[in-house]
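Understanding the architecture of this molecule
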Amino acid sequence: MPKLDQKVCLITGAANGIGKAIAKQFAREGAILCLEDIDESHLREVQAEVKTISGQDCLLSVGDATKLSFIAETIDKVDRTFGRLDVLVNDVGGSLNHSIHLLDLTEAQWDQLLDLNVKTTFFHSQYAIRLMLRAGKGVIVNLASQAGRRGNEHSRPHYSASKTAILGLTRHMAREFGPQGIRVNASAPGHCISSERLRAMWEERERQGTAAGLVQAVALRRVSTVEEQAKVLVFLASDDSSYITGATVDVGGGITCV
Amino acid sequence: MDSSGRICIVTGAASGIGKATAEALARDGDTVCLCDIDPKGLAAAAESIVAEGHFAKAMVCDVTSAKQVDALVKAITDEFGRIDVLVNCAGGSKDSVHLLDVTEEQYYATMNLNLKSVFLAMRAVIPVMRAAGKGTIVNVSSQAGRRGSEFITPHYSTAKAGVLGLTRHAAREFGPCNIRINAVAPGRCLSGPRNRAIWAERERLGVAKKMLESIALRRASVPEEQAEVIRFLCSDRSSFVTGATVDVNGGELCF
């Protein structure tokens, strides 16, 4: 029995990496998809892959996830097309490759990254919750990060801050909207080969002999695949987690155990 | 199906969450060795699984006894040659007693049933899993082990918190052997007749509503909901999850 059968799911950041893997895994589980990203060409590739998996023509929304007008448009499109939204996956986000120390961080870098990770999650959730309240039910899953748990990154302090902020937002939304039938949880991925850039980075680390040191901190002594992250999202989006809300599931291979 | 005939041990399987977990794993096609100290409850639980056409074996065991736990694991290994999954559900608290009144006997009884049992089972099973190059363990803790402000049963909270520390340690130590070890921390659960009676009493006293108001989902869970999470953590769907605690408390406590 497919775990997301006929569930209307909006996935942000679906063009690449973990978001793309989530889209494909959700498609395998029978979900009806709306995929959102700023990267149109890769988004269309995912759309084609979803068509191969489940035969469906998923809805696309291309634009800047940090803009409220675009968010409103996306949610409106979902509402007009499907009349409901069952699951929102807030995957859009990243570190923008900012390897910057706290004392050197500019205001612009702060604003840009916080908008990309937190503002997107916040306002997509706000618009989605309005639809979900109408139906009396819904599920939201937010992609945080082990960086939001560990708190001791050498660089990218704003990334850690943004990913921890997502956890706080998750807990609040869960407590506020639980009584109205909406579950909200987060997953916190650890090391994951989620892009060509990261794959190249890990291969470089292996060449330089620094990979072993990083992997040594992971109990499973390896990095994860995007599919491993996506499978946890299926669990949190589906009724298998019906009594879980306000929780964070660590998917870090035992790098941080809290 | 994400299990394909694994050999599973579930302790505390005669009732509640343990029983629901044993049923869920058996329905996936696993062979489940149900363990409990209650022979009648255990036999009934195993029989109902077998009646559905699945594989179950009832094995009476006092999980607070190292001898009995070691013998149990040896018997299972002798019969099946391996152990793929261990779920430590045995546990509970009988004494509603304040910290200053806990006797040494009550302390040991609760710590042994809830924490030492998990240690003994893992100590016996991990070498078997390590020899096979893989395995999964799920330890059932409790919201009481997270919250740290229970008014009664302080020794239960202590033991259940201990389960989390033990889980994290074992996960970090045996992760390199491809053994995943996680904990679930259930919140309110209508886990059996005793628990249901407690809720009925709460309703009679007019305190149930207030308690439910602190739960985001405004209800207690049923054992099947806890079992689904345990099933997830036993399966390949959680292949990169280890050393984690999954809170299953309906949003009563959020970390």
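Residues numbered from 1 in each chain as written. Chains lettered and ligands numbered in written order. Predicted model: local features only at pLDDT ≥ 70, side-chain atom pairs only at ≥ 80, totals over all residues.

1. A look at the sheet that holds strand β1 (residues 8-12) of chain A
Residue and element names in this part refer to chain A. Strand order in this open sheet of 7 strands is β3-β2-β1-β4-β5-β6-β7, and the pairing throughout is parallel. The open sheet has two free edges, formed respectively by β3 (59-62) and β7 (248-251), since each of these has just one partner strand. Each strand of the sheet is rotated relative to its neighbour by a mean of 15°, with strand direction disregarded. Pairing between β1 and strand β2 (residues 32-37): 5 bridges, direction parallel. Looking at the pairing, Val-8 lines up with Ile-32 of β2. On the sheet, helix α1 (residues 17-28) packs against β1, β2, β4 (87-90), β5 (138-143) and β6 (182-189) and is oriented at approximately 165° with respect to β1. Against the sheet, helix α3 (residues 68-82) engages β1, β2 and β3, with an angle of about 165° to β3. (Pairing = 2+ DSSP bridges. Helix = DSSP H or I, 4+ residues; strand = E, 2+ residues; numbered from the N terminus. Axes fitted to C-alpha atoms, helices over the stretch in contact; angles between N-to-C directions. Contact = placed C-beta atoms within 7 Å.)

2. Regarding the interface of chain B and chain A
The interface is formed by 28 residues belonging to chain B together with 28 residues belonging to chain A. Secondary structure elements with two or more residues in the side of chain B that touches chain A: α6 (154-174), α9 (223-234) and β7 (245-248) of chain B. Tallying contributions element by element places α9(B) first for the side of chain B that touches chain A, with 4 residues. When the residues that make up the side of chain B that touches chain A are grouped by side-chain class, the tally is 13 nonpolar, 8 polar and 7 charged. (Nonpolar A, V, L, I, M, F, W, Y, C, P; charged D, E, K, R; others polar.)

3. Observations regarding the sheet that holds strand β2 (residues 31-36) of chain B
Residue and element names in this part refer to chain B. With parallel pairing, the 7 strands of this open sheet are ordered in space as β3-β2-β1-β4-β5-β6-β7. In this open sheet, the two strands that pair with only one neighbour each are β3 (55-60) and β7. Across the sheet, the axes of successive neighbouring strands diverge by a mean angle of 15°, strand direction being ignored. Looking at chain direction, β2 and β3 are connected through 6 bridges and run parallel. For Asp-36, the partnering residue across the bridge sits in β3 and is Val-60. Across the sheet, helix α1 (residues 16-27) lies against β1 (7-11), β2, β3, β4 (85-88), β5 (135-140) and β6 (179-186), angled at about 165° from β1, the strand it touches most. Contacts from α9 reach β4, β5, β6 and β7 within the one sheet, and its direction differs from that of β6 by about 165°.

4. Here we look at the packing of helix α4 (residues 107-135) of chain A against helix α6 (residues 157-177) of chain A
Residues and elements named next belong to chain A. Relative to each other, α4 and α6 sit at 15°, their axes nearing to 9 Å. Considering their axes alone, α4 and α6 lie roughly parallel with respect to each other. For the element pair α4 and α6, the recorded crossing hand is right-handed. In this structure, α4 contributes Gln-109, Trp-110, Leu-113, Leu-114, Asn-117, Val-118, Thr-121, Phe-122, Ser-125 and Ile-129 to the contact, and α6 contributes His-158, Tyr-159, Ser-162, Lys-163, Ala-165, Ile-166, Leu-169, Met-173 and Phe-177. For the contact of α4 with α6, the per-class residue count stands at 12 nonpolar, 6 polar and 1 charged. (Parallel < 35°, antiparallel > 145°, perpendicular 65-115°, else oblique. Left-handed = near helix turned anticlockwise from the far one by under 90°.)

5. Observations concerning unusual backbone geometry
Glycine aside, residues mostly have negative phi angles, and peptide bonds mostly take the trans form. With a phi close to 55°, A:Leu96 is a non-glycine residue in the positive phi region. Here A:Leu96 lies in the loop between β4 and α4. In this model, B:Arg218 sits at a positive phi of 55°, which is unusual for a non-glycine residue. Along the chain, B:Arg218 falls in the loop between α8 (208-213) and α9. By C-beta crowding, B:Arg218 is classed as partly exposed, having 15 other C-beta atoms within 10 Å. (Buried ≥ 20, exposed ≤ 12 C-beta atoms within 10 Å, placed from the backbone.)

6. So, the pairing of β4(A)
Residue and element names in this part refer to chain A. Of the two faces of β4, the one holding Val-87 and Val-89 and the one holding Leu-88 and Asn-90 are both buried throughout. One ladder, built from 3 bridges, connects β1 with β4; its direction is parallel. Note on β4: the bridge partner recorded for Ile-11 is Val-89. In terms of strand pairing, β4 meets β5 through 4 bridges, oriented parallel. Residue Val-87 lies in a different strand from β5, and its bridge partner there is Val-139. Handedness of the β4-α4-β5 crossover: right-handed. (Right-handed = clockwise from strand over helix to strand, strands pointing away.)

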